[in-house]
Amino acid sequence: MKFICAIISAILINFALSEILAKSFLQDEIKIKVNFSPVLDDFIISNFNLTQKTTEYKTSNGRELDLDEYIENLPFDFAQYLIVNKKFPSQLDFFADDLSLIDDNSQTISIREKDFKFAEIPLYILFESAPKMLILNYPDAFLKFENEAEFVSLKTLKKDEILSSKLNLALKNSGFKFPLKGYFSNPSSRKAFDEGAFLFDGDGYIFHLKQIRDQFIIYKTKIYAKSVKFIKVDENPRREFYAIAWFKNEQNENSLGLISYENYEFIKLPSSDLLDDDDEINLEITPLHKILTFKNKKRLKTEVLNPDFTPYKHIEIPLSKRDKKYNKFLFFAPLNLIIEDGKYVLKFDEFSAMALVLGFCFGLFLLLLKRGFLSFLMALFFGIGGVISALIWGKK
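To keep things clear, this report deals only with the structure shown in the data block. (Residues numbered from 1 in each chain as written. Predicted model: local features only at pLDDT ≥ 70, side-chain atom pairs only at ≥ 80, totals over all residues. Heavy atoms only, no water.)

Some thoughts on the nonpolar core
The biggest cluster of nonpolar side chains holds 34 residues, and the ones touching the most others in it are Ile 231, Leu 256 and Ile 281. For this core, the secondary structure elements donating two or more residues are strand 5 (107–111), strand 9 (197–200), strand 12 (227–233), strand 13 (241–248), strand 14 (254–260), strand 16 (280–285) and strand 17 (290–295). For this core, the element with the highest residue contribution is strand 13, accounting for 7 residues. Residues in contact with Ile 231, not counting those within four places in the same chain, are Phe 184, Phe 198, Ile 206, Ala 243, Ile 244, Ala 245 and Ile 259. One finds Leu 171, Phe 176, Leu 209 and Ile 218 within the second-largest nonpolar core, a separate group that totals 20 residues. (Core = buried A, V, L, I, M, F, W, Y, C linked by side-chain atoms within 4.5 Å. Buried < 20%, exposed > 50% of the residue type's maximum accessible area, 1.4 Å probe, protein only. Helix = DSSP H or I, 4+ residues; strand = E, 2+ residues; numbered from the N terminus. Contact = heavy atoms within 4.5 Å.)

Below is the structure:
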């Protein structure tokens, strides 16, 4: 029991030392953002120094911009300000004459780490997509799936037999196969209209489900996936696509695309086969371009697409890893606390020969103090934390 306590103490001590060293010696924390300027026909890179509270702007070829130049070269982001101050670019002045041309042709949709990292409670919302008063209200029953679909009343917590039987019949007639592997919708009522939910069935097909006046409309799309990472539904008046979908294809490769309003066609986005599993994704649509960004801890990649989704320009920026670099002196296989399948797990990575040598030396020191072989192993595997823990818990 004492040995287990010593191991736990060593891990906690190393975490504490790592945080102390990180806050004491780490370089400035820098956040990078990339915009595309239709005025310059070039990328603008923003460097936000969160430590020193400063911001720098420059183009992809290194030309520095001040704040005014940054704003003036992003007319769709700062349209009202530029129009009021009579600085809207002359070559795009027809947009200034009618701001609705910007609003009606703009959309942003993102898939963030929080969307797929955390496990969700398997209880779902299905809106009435055509309410009588044209106001979306939260339903009186939630939906769950086990061997069949089941509506459960929020008031009585009992099964709604009528709605449940209607939905199960519609699912059967559509060819849906249990078990349900994924349910994706936009559960907010703060939207102009509702497009229901997308379901991932046991055979690997994507289905579209909508509820209209207590009737269920289900359509089996031709989209097949080995597994679905996430589908982000975004009801937008542009009605170009229902959602952005990220899944693994039959070859177990990443595939990212849009589920179109035209017969549920899957519009595969460029470079999606180069996605990393830890990427965050942002798709920004402007009146002139579609801008796709992939970002993880290692790099930021931005693709500018033409209106028909063909590639136009791209840029990739390596990101400096603001890690606790002094971990390599603490223990030879640093522990990282990460999230997998909605659970926190400890993982060893970044083998450090330096920490192993130091641990061996510390272990010899403890042997000279006659602290025993277990203390030697504590120092060897857990470095400084192991030494401190062995001195606290070990016997002479």
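Continuing now.
Some words on the packing of aromatic side chains
Taken as a whole and judged by the stated rule, the model has 21 aromatic pairs. With 5.3 Å between their ring centres and 70° between their planes, Phe 176 and Phe 207 make a pair best called edge-to-face. One end of the pair, Phe 176, is in the loop between helix 7 (161–174) and strand 8 (182–185); the other, Phe 207, is in strand 10 (residues 205–212), and 31 residues separate them in sequence. By relative accessible area, Phe 176 is classed as buried at 6%. On the basis of an interplanar angle of 80° and a centroid distance of 5.7 Å, the ring pair of Phe 184 and Phe 230 is categorised as edge-to-face. A residue pair is termed long-range when its members are at least 10 positions apart, and Phe 184 in strand 8 and Phe 230 in strand 12 qualify at 46 residues. For Phe 184, a relative accessible area of 9% corresponds to the buried category. (Phe/Tyr/Trp six-rings, centres within 6.5 Å; stacked < 30°, edge-to-face > 60°.)

Some remarks on the side chain of Ser 153
Relative to the helices and strands, Ser 153 is located in strand 7 (residues 149–153). Among the residues examined, Ser 153 registers a relative accessible area of 16% and is labelled buried. Beyond its immediate chain neighbours, meaning those up to four positions away, Ser 153 contacts Asp 140, Ala 141 and Lys 158.

Observations concerning a nonpolar patch on the surface
Together, Met 1, Ile 4, Ile 8 and Leu 12 make up a nonpolar patch on the protein surface, roughly 470 Å² of accessible area in all. Note on placement: Met 1 falls in the segment before helix 1 (2–25). With relative accessibility at 76%, the residue Met 1 sits in the exposed group. (Patch = residues over 30% accessible without salt bridge, like charges linked within 9 Å, V, L, I, M, F, W, Y side chains within 5 Å. Areas by Shrake-Rupley, 256 points an atom, 1.4 Å probe, with all protein chains shown as cover. Salt bridge = Lys/Arg side-chain N within 4 Å of Asp/Glu carboxyl O.)

Looking at unusual backbone geometry
The amide bond that connects Phe 178 to the next residue, Pro 179, takes the cis arrangement and shows omega of 5°. At Lys 53, a position not held by glycine, the phi torsion is positive, near 60°. One can find Lys 53 in the loop between strand 2 (42–49) and strand 3 (54–59). Given the relative accessible area of 71%, Lys 53 is considered exposed. For Asp 214, which is not glycine, the phi torsion reads 65° and is therefore positive. Secondary-structure assignment places Asp 214 in the loop between strand 10 and strand 11 (215–224). The exposure class assigned to Asp 214 is partly exposed, which follows from its relative accessible area of 41%.

A few points about the pattern of salt bridges
Applying the stated criterion to the full structure yields 17 salt bridges. Here Lys 248 and Asp 277 are joined by a salt bridge, their closest N and O atoms 3.2 Å apart. Here Lys 248 is found in strand 13, whereas its partner Asp 277 is found in the loop between strand 15 (266–268) and strand 16, with 29 residues between them in sequence. For Lys 248, a relative accessible area of 18% corresponds to the buried category. Here the salt bridges share partners, and the residues they tie into one network are Lys 114, Asp 115 and Lys 232.

Description of the sheet that holds strand 14
Strand order in the open sheet made by the 4 strands is 12-13-14-15, with antiparallel pairing throughout. Both edges of this open sheet fall to strand 12 and strand 15, since each of them pairs with a single strand only. Geometrically, the sheet is characterised by an average inter-axis angle of 30° between neighbouring strands, direction not taken into account. (Pairing = 2+ DSSP bridges. Axes fitted to C-alpha atoms, helices over the stretch in contact; angles between N-to-C directions.)

A closer look at helix 9 (residues 373–393)
Along its 21 residues, helix 9 runs just 13 Å from first to last C-alpha, ending more than 12% under the 30 Å computed at 1.5 Å per residue. Among all positions of helix 9, only Ser 375, Phe 376, Met 378, Ala 379, Leu 380, Phe 382, Gly 383, Gly 385, Gly 386, Val 387, Ser 389 and Ala 390 are buried. (Expected span 1.5 Å × (residues − 1).)

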